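As a plain string of letters, each chain reads:
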Amino acid sequence: MFINKVELNGEYYYSLSTTPIPSKKNEYPESYLNDFKLLTSREKEVFYQLVDGHSNGQIAQNLIISPDTVKNHISNIYRKLKVNDRVSLIKMYFVNIE
């Protein structure tokens, strides 16, 4: 098991994973951008809310959808982008926008 650490807005987030989070842009598969294209427009809205650090409840309020719908979108995003948790998703995003 690996303990992955991600800094976001001066705060540190940790997750347990069977694989480490890559620390350099080139360590992520190039398919990341292709996978991102698989997201629906609503999933992209949820994705950007996630990387901005919003909670599920905040996302539901901001997008005027139910918390259960937010959870469904997040599950779809994780599956399509091949990540297991929010920290991995945020790390993937910030590594790839540099």
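Conventions adopted
Residues numbered from 1 in each chain as written. Predicted model: local features only at pLDDT ≥ 70, side-chain atom pairs only at ≥ 80, totals over all residues. Heavy atoms only, no water. Helix = DSSP H or I, 4+ residues; strand = E, 2+ residues; numbered from the N terminus. Buried < 20%, exposed > 50% of the residue type's maximum accessible area, 1.4 Å probe, protein only. Areas by Shrake-Rupley, 256 points an atom, 1.4 Å probe, with all protein chains shown as cover. Salt bridge = Lys/Arg side-chain N within 4 Å of Asp/Glu carboxyl O. Contact = heavy atoms within 4.5 Å. Core = buried A, V, L, I, M, F, W, Y, C linked by side-chain atoms within 4.5 Å. pLDDT = per-residue confidence, 0-100.

Describing the overall build of the chain
Turning to step 1, where the next piece is worked out: Regarding its fold elements, the chain presents five helices and two strands.
Turning to step 2, where the next piece is worked out: Going residue by residue from the N terminus, the α and β elements of the chain occur as β-β-α-α-α-α-α.
Turning to step 3, where the next piece is worked out: A burial count over the chain gives 41% of its 98 residues as buried.
Turning to step 4, where the next piece is worked out: Put simply, the chain shows about 6300 Å² of open surface, and 51% of that area lies on carbon and sulfur atoms.

Quick word on helix α2 (residues 41–51)
Turning to step 1, where the next piece is worked out: Inspection of α2 places Glu 43, Val 46, Phe 47, Gln 49, Leu 50 and Val 51 among the buried residues, and these make up the whole buried set.
Turning to step 2, where the next piece is worked out: Phi for Gly 53, located one or two positions after α2, is positive at around 90°.

Concerning the pattern of salt bridges
Turning to step 1, where the next piece is worked out: Scanning the entire structure with this criterion turns up three salt bridges.
Turning to step 2, where the next piece is worked out: With a closest N to O distance of 3.1 Å, Lys 82 and Asp 35 form a salt bridge. Of this pair, Lys 82 sits in the loop between α4 (67–81) and α5 (86–96) while Asp 35 sits in helix α1 (residues 31–36), and the two are 47 residues apart along the sequence.
Turning to step 3, where the next piece is worked out: Among the residues examined, Lys 82 registers a relative accessible area of 60% and is labelled exposed.

Considering the environment of Ile 74
Turning to step 1, where the next piece is worked out: Tracing the chain through its elements places Ile 74 in helix α4.
Turning to step 2, where the next piece is worked out: Classification of Ile 74 by relative accessible area gives buried; the value is 5%.
Turning to step 3, where the next piece is worked out: Along the backbone, Ile 74 and Glu 43 are 31 residues apart, and their C-alpha atoms lie at a distance of 7.5 Å.
Turning to step 4, where the next piece is worked out: Residues in contact with Ile 74, not counting those within four places in the same chain, are Val 46, Leu 50, Asn 56 and Arg 86.

A closer look at the nonpolar core
Turning to step 1, where the next piece is worked out: Residues Val 46, Phe 47, Leu 50, Ile 77, Leu 81 and Leu 89 are the most contacted members of the largest nonpolar core, which totals 20 residues.
Turning to step 2, where the next piece is worked out: Elements with a contribution of two residues or more to this core: α2, α3 (56–63), α4 and α5.
Turning to step 3, where the next piece is worked out: If one sorts the elements of this core by residue count, α4 sits on top with five residues.

Remarks on the confidence of the model for the chain
Where the model shows low pLDDT, its predicted coordinates should not be examined in detail.
Turning to step 1, where the next piece is worked out: For the chain, mean pLDDT is 77; residues scoring 70 or higher make up 62% of the total.
Turning to step 2, where the next piece is worked out: Across residues 23–30, confidence stays below pLDDT 50; counting only partners more than four residues off in sequence or on other chains, it has 13 contacts.

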